[in-house]
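Here's the letter readout for the chains.
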Amino acid sequence: MIITIGREHGSSGHEIARLLAKELGLVCYDKEIVDEAAANSQFSKEIFHSYDEKRVSTYIMPTPHFGAMHEGVRLNLQVASAQFDAIRSLASKGDGIFVGRCADYILRNRHDLVKVFIRGDIADRIETMMSRKNLSYDQARKLIKEVDKDRASYYRYYTDQVWGESENYDLIVNSSKVGIDGSVKVILSYLDAVRGKK
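Cut-offs applied
- Residues numbered from 1 in each chain as written.
- Predicted model: local features only at pLDDT ≥ 70, side-chain atom pairs only at ≥ 80, totals over all residues.
- Heavy atoms only, no water.
- Core = buried A, V, L, I, M, F, W, Y, C linked by side-chain atoms within 4.5 Å.
- Buried < 20%, exposed > 50% of the residue type's maximum accessible area, 1.4 Å probe, protein only.
- Helix = DSSP H or I, 4+ residues; strand = E, 2+ residues; numbered from the N terminus.
- Contact = heavy atoms within 4.5 Å.
- Axes fitted to C-alpha atoms, helices over the stretch in contact; angles between N-to-C directions.
- Parallel < 35°, antiparallel > 145°, perpendicular 65-115°, else oblique.
- Left-handed = near helix turned anticlockwise from the far one by under 90°.
- Nonpolar A, V, L, I, M, F, W, Y, C, P; charged D, E, K, R; others polar.
- Pairing = 2+ DSSP bridges.
- Phe/Tyr/Trp six-rings, centres within 6.5 Å; stacked < 30°, edge-to-face > 60°.

## Comments concerning the nonpolar core
Then, number 1: Counting residues in hydrophobic clusters, the biggest one holds 32 residues, and the most contacted among them are Phe48, Phe84, Ile87, Phe98 and Leu107.
Then, number 2: Elements represented by at least two residues in this core include exactly α2 (31-39), α3 (45-51), α4 (75-92), α5 (103-106), β4 (113-119) and α7 (137-159).
Then, number 3: A total of 9 residues in this core trace back to one element, the largest contributor, which is α4.
Then, number 4: In this structure, Ile87 is in contact with Ile33, Phe98, Arg101, Ala103, Ile106 and Leu107, ignoring residues within four places of it in sequence.
Then, number 5: Core analysis: the second largest hydrophobic core is formed by 19 residues, Ile5, Ala21, Val99 and Leu191 among them.

Structure below.
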């Protein structure tokens with residue numbers, strides 16, 4: 001089984017994915033996707049982190065520090081392509097959970113795919129980010145807005161679909177209503193139902 005998890009910023013999607021992986025005995029791929037992509041490309045991890053799930057620039061990115069062959073190339077497109085290759089490669093190795101980075105779309109042709117999206121109420125997400133990063137209310141709200149905007153733009157650019165829209169997922173869970181552990185239980189119940197139907 002391949003499970004993909006999209007998530008709003010501050011909804012605890014990463015934590016939910018890790019706990020779910022532990023419950024199921026699966027590997028969870030989040031930043032590991034970045035590591036895999038960096039290991040199989042000419043770009044460093046720092047470059048991948050800089051462009052990870054970011055809006056695609058409308059301008060050409062000058063990159064003289066990578067040599068003449070890379071000048072005038074849109075780095076974000078190359079980074080995304082390398083990440084998508086990494087997702088396919090990791091998925092080919094066996095069952096796993098993939099967080100973000102259009103994995104639900106990249107792996108859409110797999111028969112064993114379950115697509116989950118984690119959302120949360122904005123007040124709870126702000127509180128989470130204030131606590132997690134020691135931010136003020138306004139700073140947390142601004143960060144959430146920026147990250148979600150990046151992710152939505154990134155998703156739309158590479159999939160031509162709307163990030164977080166129900167028709168793109170099998171299950172949407174509001175972590176504000178059921179908490180982190182409750183979200184894991186909801187997903188496990190859904191997976192049991194899917195297996196039972198088969």
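## Let's talk about the packing of helix α1 (residues 13-24) against helix α8 (residues 175-197)
Then, number 1: Direction vectors running N to C along α1 and α8 enclose 40°, while the axes themselves pass 10 Å from each other. Considering their axes alone, α1 and α8 lie oblique with respect to each other. Pair α1 / α8 crosses with right-handed handedness. Counting all contacts with α1, which are made through Glu15, Ile16, Leu19, Leu20, Glu23 and Leu24, the residues of α8 involved are Ser175, Ile180, Asp181, Ser183, Val184, Ile187, Leu188, Leu191 and Arg195.
Then, number 2: The residue makeup of the contact of α1 with α8, split by class, is 9 nonpolar, 2 polar and 4 charged.

## Focus: the sheet that holds strand β2 (residues 27-29)
Then, number 1: On the basis of which strands lie adjacent, the open sheet formed by 5 strands has the order β2-β3-β1-β4-β5 and parallel pairing. Of all strands in the sheet, those with a lone pairing partner are β2 and β5 (171-174), marking the two edges. The sheet shows a mean angle of 20° between the axes of neighbouring strands, direction not considered.
Then, number 2: Of the pairings in the sheet, the one linking strand β1 (residues 2-7) to β4 comprises 6 bridges and is parallel in character. From the neighbouring strand, Gly6 faces β4, where its bridge partner is Phe117.

## A word on the packing of aromatic side chains
Then, number 1: Counted according to the given criterion, the structure contains 8 aromatic pairs.
Then, number 2: When the ring of Phe84 is compared with that of Tyr154, the centres are 6.4 Å apart and the planes differ by 65°; the resulting orientation is edge-to-face. On the criterion of sequence distance, the pair formed by Phe84 in helix α4 and Tyr154 in helix α7 is long-range, its members being 70 residues apart. Like Phe84, the residue Tyr154 is buried in the burial classification.

## Here's the deal with the packing of helix α6 (residues 122-133) against α7
Then, number 1: Running from amino to carboxyl end, α6 crosses α7 at an angle of 110°, the nearest separation of the two axes being 9 Å. Regarding the angle of α6 to α7, the classification is roughly perpendicular. Of the residues in α7, those touching α6 at Ile122, Arg125, Ile126, Met129, Met130 and Lys133 are Tyr137, Ala140, Arg141, Leu143, Ile144 and Asp148.
Then, number 2: Grouping the amino acids of the contact of α6 with α7 by side-chain chemistry returns 8 nonpolar, no polar and 4 charged.

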